[in-house]
Amino acid sequence: MYKALRSQFLLWMGAAISIAEIVTGTLIAPLGLAKGTLAIIVGHLIGCFLFLLPAGYIGAVQHQTAIQSTESAFGKQGVWGFSLINALQLLGWTAVMIVNAAQAMNGVSRRLFGFQSTWVMSAIVAVLIIIWLLLDTKLLFRINNFVVGLLFLGALLMLFEIFKAPVASHQVATGGMTFGGAVELNVTMALSWLPLIGDYTRTTKRPLQIALTSALGYFVGSLFMFMTGLLIVTRTGMTDIASLLTASGLGLVALFIVIFSTVTTTFMDAYSAATNIDNLFHSKKTNFIGVGVTIVGLLIALVVSMTFYQNFLYFIGSVFTPLYAIVFVTFFITKQSLPKLWNLGLWLIGVWGYYALQQVASPLGTTFLLLIGMAILVVASHWLVKLIKN
């Protein structure tokens, strides 16, 4: 059991060690180091232990993927629809991760070898993701654990370089980011894994232990990455990870960090996207579908713009917060599902409510407010349905 817990912890810590997490951490810099750090901690506590932990637990108890666990509340048609939405957001993540990696790799490669090519760098990452997808499961976990250990050491080196770099002489521009908005970015990053975590906890015989280990692994890795991004901007004044890596002198170590941190994260996106597609067509060829997802993600990455990255994160929050709020309340509190169409109506209200609540200046972010609001709506709906039946 210890080996299983260790592998699960490292799997999710590896998922969190990524360029995307660092990039998102840089967006929080306008708050400054003290407020930014507090926002990161609060956001990770909400995201990991109010969302990832119960989602992983439900998947483990029911021996279902995270999307399959929505069937009791939304029926088979709901599973089909949410599988499609989740596959699309995971395809989006695959493209985003490849884009981030290619940009950072170009920065490092230009300094080391005088060469840069978005096509070549993107293709290198995509090929490695495909290799990860086609590895035997036992071999995959062994290699992944080893690589994650090296990535953690590399991340420590990167943090050392940040503190070694001269402190920026100018202040980071303030404005454009509220404390609640910063908390929300942390929460939505964790939420992006919410429809996946059950895919990796469903086969266990110890639901609480494996779910807690998964959430903790992501918490540790993601907290470290967000803080790295925040420190890059607040200490050095650099606004992107590629600039720091280029100037750091880490050389091939930096290139290793960029490439393999992307691979250990993105193969999970591609595999889970394939799992969701398999929910729809029952082909039983998940790994090969994952290869197809990676190739499509690569093609999108070559034309995608990172301008919409923050909106993409908010889209994830708007879709999956009300969805899993309904699932959680049904599983843990009411123990009985509302009529499927009623739940669908509540979900649509939740999607609208997410964007409406973004106008409210809450220090705990939009997702936390929506979670509380949806929980009250679901419980009140159960009471109303019983009243109507009687």
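Provided above is the structure to which this section pertains.
What counts, and at which threshold
- Residues numbered from 1 in each chain as written.
- Predicted model: local features only at pLDDT ≥ 70, side-chain atom pairs only at ≥ 80, totals over all residues.
- Heavy atoms only, no water.
- Helix = DSSP H or I, 4+ residues; strand = E, 2+ residues; numbered from the N terminus.
- Rg over C-alpha atoms; globule rule 2.2 N^0.38 Å.
- Buried < 20%, exposed > 50% of the residue type's maximum accessible area, 1.4 Å probe, protein only.
- Contact = heavy atoms within 4.5 Å.
- Areas by Shrake-Rupley, 256 points an atom, 1.4 Å probe, with all protein chains shown as cover.
- Lys, Arg positive; Asp, Glu negative; His and termini not counted.
- Charge placed at Lys NZ, Arg CZ, Asp CG, Glu CD.
- 1 Å grid on protein atoms, 1.4 Å probe; cavity = no way out; pocket = protein on both sides within 12 Å on 5 of 7 lines; lining within 4 Å.
- Points joined across faces, edges and corners; volume = space filled by probe spheres on them.
- Nonpolar A, V, L, I, M, F, W, Y, C, P; charged D, E, K, R; others polar.
- Phe/Tyr/Trp six-rings, centres within 6.5 Å; stacked < 30°, edge-to-face > 60°.
- Polar contact = N/O pair within 3.5 Å; in protein donor to acceptor, adjacent residues only side chain to side chain.
- Expected span 1.5 Å × (residues − 1).
- Bend = angle between axes of the 7 residues up to and from the residue.
- Core = buried A, V, L, I, M, F, W, Y, C linked by side-chain atoms within 4.5 Å.
- Axes fitted to C-alpha atoms, helices over the stretch in contact; angles between N-to-C directions.
- Parallel < 35°, antiparallel > 145°, perpendicular 65-115°, else oblique.
- Left-handed = near helix turned anticlockwise from the far one by under 90°.

1. Here we look at the overall build of the protein
Logical step 1: Counting its regular elements, the protein contains 15 helices and zero strands.
Logical step 2: For 390 residues, the compact-globule formula gives about 21 Å, and the C-alpha radius of gyration of the protein, at 21 Å, lands near that figure.
Logical step 3: The buried share among the 390 residues of the protein stands at 57%.
Logical step 4: Excluding contacts between residues fewer than 6 apart, the proportion of contacts in the protein whose partners are at least 24 apart in sequence is 86%.
Logical step 5: Summed over all atoms, the accessible surface of the protein reaches about 16,400 Å², with 70% contributed by carbon and sulfur.
Logical step 6: Of note, the protein has its 19 positive side-chain charges centred 9 Å away from the centre of its 9 negative side-chain charges.

2. Comments concerning the layout of surface pockets
Logical step 1: Empty space within the second largest pocket amounts to approximately 330 Å³.
Logical step 2: Along the walls of the second largest pocket sit 15 residues, with Gln68, Asp278, Asn279, Leu280 and His282 positioned nearest its centre.
Logical step 3: Of all the secondary structure elements, the ones that give two or more residues to the lining of the second largest pocket are helix H4 (71-113) and helix H11 (252-281).
Logical step 4: Its residues assigned to classes, the lining of the second largest pocket shows three nonpolar, seven polar and five charged.

3. Considering the packing of aromatic side chains
Logical step 1: For the structure shown, the criterion picks out 16 aromatic pairs.
Logical step 2: Considering the side-chain rings of Phe82 and Trp347, the 5.1 Å spacing of their centres and the 80 degrees angle between planes classify their relative orientation as edge-to-face. Of this pair, Phe82 sits in helix H4 while Trp347 sits in helix H14 (residues 340-357); the two residues are 265 residues apart in sequence, bridging distant segments of the chain.
Logical step 3: Of the residues examined, Trp347 reaches a relative accessible area of 11% and is grouped as buried.
Logical step 4: Of the aromatic side chains, those joined through ring pairs into one cluster are Trp12, Trp193, Tyr200, Tyr218 and Tyr271.

4. What to know about the side chain of Thr26
Logical step 1: Structurally, Thr26 is set in helix H2 (residues 19-26).
Logical step 2: A polar contact is formed between the side chain of Thr26 and the backbone oxygen of Val23, at a distance of 2.4 Å.

5. Overview of the environment of Gln310
Logical step 1: If you trace the backbone, Gln310 turns up in helix H13 (residues 309-334).
Logical step 2: It is 8.4 Å that separates the C-alpha atoms of Gln310 and Thr24, two residues lying 286 residues apart in sequence.
Logical step 3: If near-sequence neighbours (up to four positions away) are discounted, Gln310 is found in contact with Leu27, Met177 and Leu185.

6. Concerning H4
An α-helix turns once every 3.6 residues. As a result, residues three or four positions apart point the same way.
Logical step 1: Between its first and last C-alpha atoms H4 spans 52 Å; for 43 residues at 1.5 Å apiece the expected length is 63 Å, and the helix comes up short by more than 12%.
Logical step 2: At Gln77, H4 shows its maximal bend, which comes to roughly 80 degrees.
Logical step 3: Remark: Gly114 follows H4 within two positions and exhibits a positive phi of approximately 65 degrees.

7. Topic: the nonpolar core
Across soluble globular proteins, you tend to see nonpolar side chains buried next to one another.
Logical step 1: Ranked by internal contacts, the top residues of the largest apolar core, which has 121 residues, are Trp12, Trp93, Tyr218 and Tyr324.
Logical step 2: No other element matches H4, which puts 17 residues into this core.

8. What to know about the packing of H13 against helix H15 (residues 365-389)
Logical step 1: Relative orientation of the contacting elements H13 and H15 amounts to 50 degrees, with a least axis distance of 9 Å. Viewed along their axes, H13 and H15 adopt a mutual orientation that is oblique. Read as a crossing pair, H13 and H15 show a hand that is right-handed. Of H15, the residues touching H13 (which contributes Thr321, Pro322, Ala325, Ile326, Val329, Ile333 and Thr334) are Thr367, Leu370, Leu371, Met374, Ala375, Val378, Val379 and His382.

9. Concerning helix H12 (residues 286-301)
Logical step 1: Helix length check: H12 (16 residues) gives 22 Å between terminal C-alpha atoms against 22 Å at 1.5 Å per residue, within 8%.
Logical step 2: Listed in full, the buried residues belonging to H12 are Thr286, Ile289, Gly290, Val291, Val293, Thr294, Gly297, Leu298 and Ala301.
Logical step 3: At its buried positions, H12 is contacted by H4, helix H5 (118-134) and H11.

10. Some words on empty space enclosed by the protein
By rolling a water-sized probe across the atoms, one finds the places where empty space is left.
Logical step 1: Scanning the entire structure with this criterion turns up two cavities of 30 Å³ or more.
Logical step 2: Of the voids in this model, the largest cavity is the one considered here, and its volume is about 60 Å³.
Logical step 3: Among the elements of the structure, H2, H4 and H11 are those that each provide at least two residues to the lining of the largest cavity.
Logical step 4: When the residues that make up the lining of the largest cavity are grouped by side-chain class, the tally is six nonpolar, three polar and two charged.
Logical step 5: The computed volume of the second largest cavity comes to approximately 40 Å³.
Logical step 6: Around the second largest cavity sit Ile17, Ser18, Ile19, Ile22, Ala155, Met158, Met225, Ile257 and Ser261, which together line it.
Logical step 7: Every element with two or more residues in the lining of the second largest cavity is listed here: H2, helix H6 (137-164) and H11.
Logical step 8: The residue inventory of the lining of the second largest cavity, partitioned by class, reads seven nonpolar, two polar and no charged.

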